[in-house]
Amino acid sequence: MIPVYSVAQIRAVEAQENSKRGETSLMKQAASHLASTALGMLAENTSAEPAFVVALIGPGNNGGDGLYALAELQLQKISTLALQFHEQVHAEAAAAYQAAGGTMLDLSDGECELAKASLIIDAIYGLGYRPGSALPVLPANARVLACDVPSGLNPDTGVAEDGVLLAERTLTFGALKSGLLAIDGPLVTGDITVADLEFDFSSVEAGTQLVEETATRELLNQHRSWRDAGRHKYQRGVLGLIAGSDLYPGAAQLTAKAAVACGAGLLRTHVPESIQSMMALSVPESVPLDDDQIKEALSSSRRQIHGKGAKIKAWAIGPGLDGRTPPTGAIADVFASPQPAVIDASGLEVVPAGPSEQPRVLTPHAKELRMLLSRAGVKITPDEIAQDPIRWTRWAALAYNAVVLLKGPTSYIVAPNGDSLMVSHSAPELATAGSGDVLTGILGYMLSDSSLTGTEGLRTVPNRRMMELTACAAYIHGHLGRVTAADGTVNASRLIENLPKVMKQFGF
Ligand SMILES: NC(=O)C1=CN([C@@H]2O[C@H](COP(=O)(O)OP(=O)(O)OC[C@H]3O[C@@H](n4cnc5c(N)ncnc54)[C@H](O)[C@@H]3O)[C@@H](O)[C@H]2O)[C@H](O)CC1
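In this text, all values refer to a predicted model and were calculated from it rather than measured experimentally.

**Considerations on the overall build of the protein chain**
- Secondary structure assignment for the protein chain yields 20 helices and 19 strands.
- Against the 2.2 N^0.38 benchmark of 23 Å for 508 residues, the protein chain shows a C-alpha radius of gyration of 26 Å, consistent with a compact globule.
- By principal-axis analysis of the C-alpha atoms, the protein chain measures approximately 85 × 45 × 45 Å.
- Taking all 508 residues of the protein chain together, the buried fraction comes to 55%.
- Taking the intrachain contacts of the protein chain between residues at least 6 apart in sequence as the baseline, contacts between residues at least 24 apart amount to 69%.
- For the protein chain, the computed accessible surface area is about 20900 Å², with 53% contributed by carbon and sulfur atoms.
- Each charge sign in the protein chain was given a centre, from 40 positive and 53 negative side chains, and these centres are 10 Å apart.

Encoded structure:
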């Protein structure tokens, strides 16, 4: 996992490093990473035209990084040009660039050169960016390498100006900044690479951790064993799904299909009688579960604690459920059971607040998070959630004593003790009806498979593990969105079609 810091934290560490190693030395180290990233991007060019790198240079150290990087390229016989965006410029870096034979022009005098560039380095604003600046308009198909932070993106909040310089790649220095991963960040940074400047972050605690592919695989493999291959279906994850209504019969089917597509050992479905035949036809692998059988499953799970085998290992509650009526009878009993549960959609309208014996993951989008907080007595607006998603997700995790996954372009996963993870590997095309139902099926299956939770019947799944598996499910769901979008438009049914292949890529 990759730690994510605030601008203030990075500034503090940078100041320490500057006093130890000197600002110029740090800038040159950053610039060297920037120059080699630029060379890597140029090597991808198929054009026979000689390389021509144009850098947009701002007034501060971000601009200084850009100039030192151009000087390195110039010394490697790459044709370069520096376009000054501001009358002020980093004098020492400018002198170094000109000593290397570089040419500096005011942007107004050299703007026409941008169209000829094989690569544009955006070194106008980085950490020091303040909203409200004018920004240049770049040629439509320009290849842009952002220096530290794309200009026009707030490095802390992730809010971008309309005129933000869209990057193909962002090389960020020292560590990930929260703004690169939040709100507009994922839409404007392109692929992000962190340039290691050997900073000492021991004095600051990361606000959160980004779960990327390597971490996802490590987390999934934590409890896997060669013995898993010999398991029978009751050991390969038995999920109880409580979902569906006459109003929304489809959501239950999508979650059911997704859980089956993940390779669950057995799916038991508790849906209204009016849609049971539809469920049996559309998901023939599923087995119905009536109230009495739920009570039997719950009582045997208690017996399991005393040695007898129960069958249902986890619950998925909510997709398409009629949220107007509070749970009664068997469904209320499920909310009080010790098995882990993922609670989504209308299930969020009825999940009880406060301490619970059940290890739970709630999976709201921003509007549902607002409803959860309102039910817990906290009135806030969608904008307030957007401005500080981790803080408000943490509120809900505390109020409901549950792991909370706030769904969006970036997913935030927060445990009741305040620990948080982020997943930014996603696809904008996932904003389509039923996508959340598919995620519920993936997560529900994962919580039901003891080769993933690492717990047999005697212990409930710890919140830390619930949080880790939720992040893995969010990562796989985001990857599923990218794979599906690669060869066509995205809908929930196509996501499900691709799910077996994607799960296989992650060792299932
Ligand atoms: N953090 C690190 O590890 C390292 C950072 N480096 C580079 O330094 C920049 C940050 O430099 P700084 O001079 O503080 O700020 P910027 O260059 O981002 O901004 C320059 C300057 O621009 C002015 N400004 C900001 N917004 C506006 C606006 N809207 N209108 C007008 N003027 C504006 C403001 O005065 C800023 O100070 C960081 O990104 C890295 O690239 C080190 O070089 C390497 C290590």
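There is more to say, and it comes next.
**Thoughts on the site of the ligand**
- Taken together, the neighbourhood of the ligand is formed by 22 residues, with R11, D65, G126, R130 and D148 sitting nearest.
- Take N62: an N or O atom from its side chain is 2.9 Å from an oxygen atom of the ligand.
- When the free accessible area of the ligand is taken as 850 Å², the share hidden by the protein chains comes to 84%.
- Mapped onto the shell around the ligand, the elements with two or more residues apiece are α1 (7-21), α2 (23-43) and α3 (61-75).
- Grouping the amino acids of the shell around the ligand by side-chain chemistry returns 11 nonpolar, 6 polar and 5 charged.

**Brief notes about the packing of aromatic side chains**
- According to the stated counting rule, one finds 7 aromatic pairs in the structure shown.
- Taken together, a centroid distance of 6.2 Å and an interplanar angle of 25° make the contact between W392 and W395 stacked. Taken together, the positions of W392 and W395, both in helix α16 (residues 389-400) and 3 residues apart, correspond to about one turn of that helix.
- Relative to F506, the ring of Y475 has its centre 6.0 Å away and its plane inclined at 70°; by these criteria the two rings are edge-to-face. In this pair, Y475 sits in helix α19 (residues 463-486) while F506 sits in the segment after α20 (492-505), placing the two residues 31 residues apart along the sequence.
- Clustering of aromatic rings is evident, with ring pairs tying together Y5, F199 and F201.
- Its end group placed over the ring of F508, R224 keeps NZ or CZ at 4.4 Å from the ring centre.
- The ring of Y234 carries the charged tip of K311 above its face, separated from the ring centre by 4.9 Å.

**Thoughts on the domain arrangement of the protein chain**
- The domain architecture assigned to the protein chain consists of domain 1 (2-207) and domain 2 (214-505).
- Taking the mean C-alpha position of each, domain 1 and domain 2 sit 41 Å from one another.
- Taken together, the two surfaces of domain 1 and domain 2 that pack against each other cover about 660 Å², and 59% of this comes from carbon and sulfur.
- Of all residues in domain 1, L181, I183 and G207 bury the most surface against domain 2, accounting for 53% of the area lost on that side.
- Joining domain 1 to domain 2, the criterion identifies 0 salt bridges.
- Seen at the junction of domain 1 and domain 2, the total is 2 residue pairs in polar contact (both at pLDDT 80 or more).
- Counted by class, the side of domain 1 that touches domain 2 contains 6 nonpolar, 2 polar and no charged residues.

**Quick look at the packing of helix α8 (residues 213-221) against α19**
- Two elements in contact, α8 and α19, have axes separated by 10 Å at closest approach and are oriented at 130°. Relative to α19, the element α8 is oriented oblique. Our pair here, α8 against α19, has a crossing hand that is left-handed. Only R465, E468, C472, Y475 and I476 of α19 make contact with α8, whose side of the interface consists of E213, T216, L219 and L220.
- Among the residues making up the contact of α8 with α19, the classes are represented as 5 nonpolar, 1 polar and 3 charged.

**Some remarks on the nonpolar core**
- By size, the foremost hydrophobic cluster in this structure holds 60 residues, and its most contacted members are I413, V438, I442, M446, L447 and L499.
- With 11 residues, the single largest contributor to this core is α19.
- Here L447 is in contact with K313, A314, P340, A341, V342, V361, T453, M466 and L469, once residues within four sequence places are set aside.
- One finds V238, A330, V378 and I390 within the second-largest nonpolar core, a separate group that totals 49 residues.

**Focus on unusual backbone geometry**
- Of note in this structure, E198 is not a glycine but carries a positive phi near 55°.
- In this structure, E198 sits in the loop between β9 (191-195) and β10 (208-210).
- The phi dihedral of N401 is positive, around 50°, even though this residue is not glycine.
- Position of N401 relative to the elements: it lies in the loop between α16 and β17 (403-406).
- Judged by its relative accessible area of 25%, N401 falls in the partly exposed class.

**Considering the UniProt feature "binding site: (6S)-NADPHX" (unreviewed entry) in the protein chain**
- Under the UniProt annotation, "binding site: (6S)-NADPHX" (unreviewed entry) lies at A251, G320, H365 and D437.
- In this structure, G320 sits in the loop between β14 (314-317) and α12 (329-335).
- You can call G320 buried: its relative accessible area is 8%.
- Leave out the neighbours within four places in its chain, and G320 touches G244, S245, Y248 and A251.
- One can find D437 in helix α17 (residues 435-448).
- If near-sequence neighbours (up to four positions away) are discounted, D437 is found in contact with A251, L254, T255, P319 and D344.

**Comments concerning the pairing of strand β12 (residues 266-270)**
- Buried residues dominate β12, accounting for 5 of its 5 residues.
- Bridge analysis of strand β11 (residues 238-242) against β12 gives 5 bridges, and the strand direction is parallel. Counterpart to I242 in the pairing with β12 is H270.
- Between β11 and its parallel partner β12, the chain crosses via helix α9 (residues 249-261), and the hand of that crossover is right-handed.

Criteria and cut-off values
Residues numbered from 1 in each chain as written. Predicted model: local features only at pLDDT ≥ 70, side-chain atom pairs only at ≥ 80, totals over all residues. Heavy atoms only, no water. Helix = DSSP H or I, 4+ residues; strand = E, 2+ residues; numbered from the N terminus. Rg over C-alpha atoms; globule rule 2.2 N^0.38 Å. Buried < 20%, exposed > 50% of the residue type's maximum accessible area, 1.4 Å probe, protein only. Contact = heavy atoms within 4.5 Å. Areas by Shrake-Rupley, 256 points an atom, 1.4 Å probe, with all protein chains shown as cover. Lys, Arg positive; Asp, Glu negative; His and termini not counted. Charge placed at Lys NZ, Arg CZ, Asp CG, Glu CD. Near = heavy atom within 4 Å. Polar contact = N/O pair within 3.5 Å; in protein donor to acceptor, adjacent residues only side chain to side chain. Nonpolar A, V, L, I, M, F, W, Y, C, P; charged D, E, K, R; others polar. Phe/Tyr/Trp six-rings, centres within 6.5 Å; stacked < 30°, edge-to-face > 60°. Lys NZ or Arg CZ within 6 Å of the ring centre and 35° of its normal. Domains from an automatic or database assignment. Buried area = accessible area lost by both parts, 1.4 Å probe. Salt bridge = Lys/Arg side-chain N within 4 Å of Asp/Glu carboxyl O. Axes fitted to C-alpha atoms, helices over the stretch in contact; angles between N-to-C directions. Parallel < 35°, antiparallel > 145°, perpendicular 65-115°, else oblique. Left-handed = near helix turned anticlockwise from the far one by under 90°. Core = buried A, V, L, I, M, F, W, Y, C linked by side-chain atoms within 4.5 Å. UniProt positions renumbered as here; feature names shortened; annotations may be inferred. Pairing = 2+ DSSP bridges. Right-handed = clockwise from strand over helix to strand, strands pointing away.

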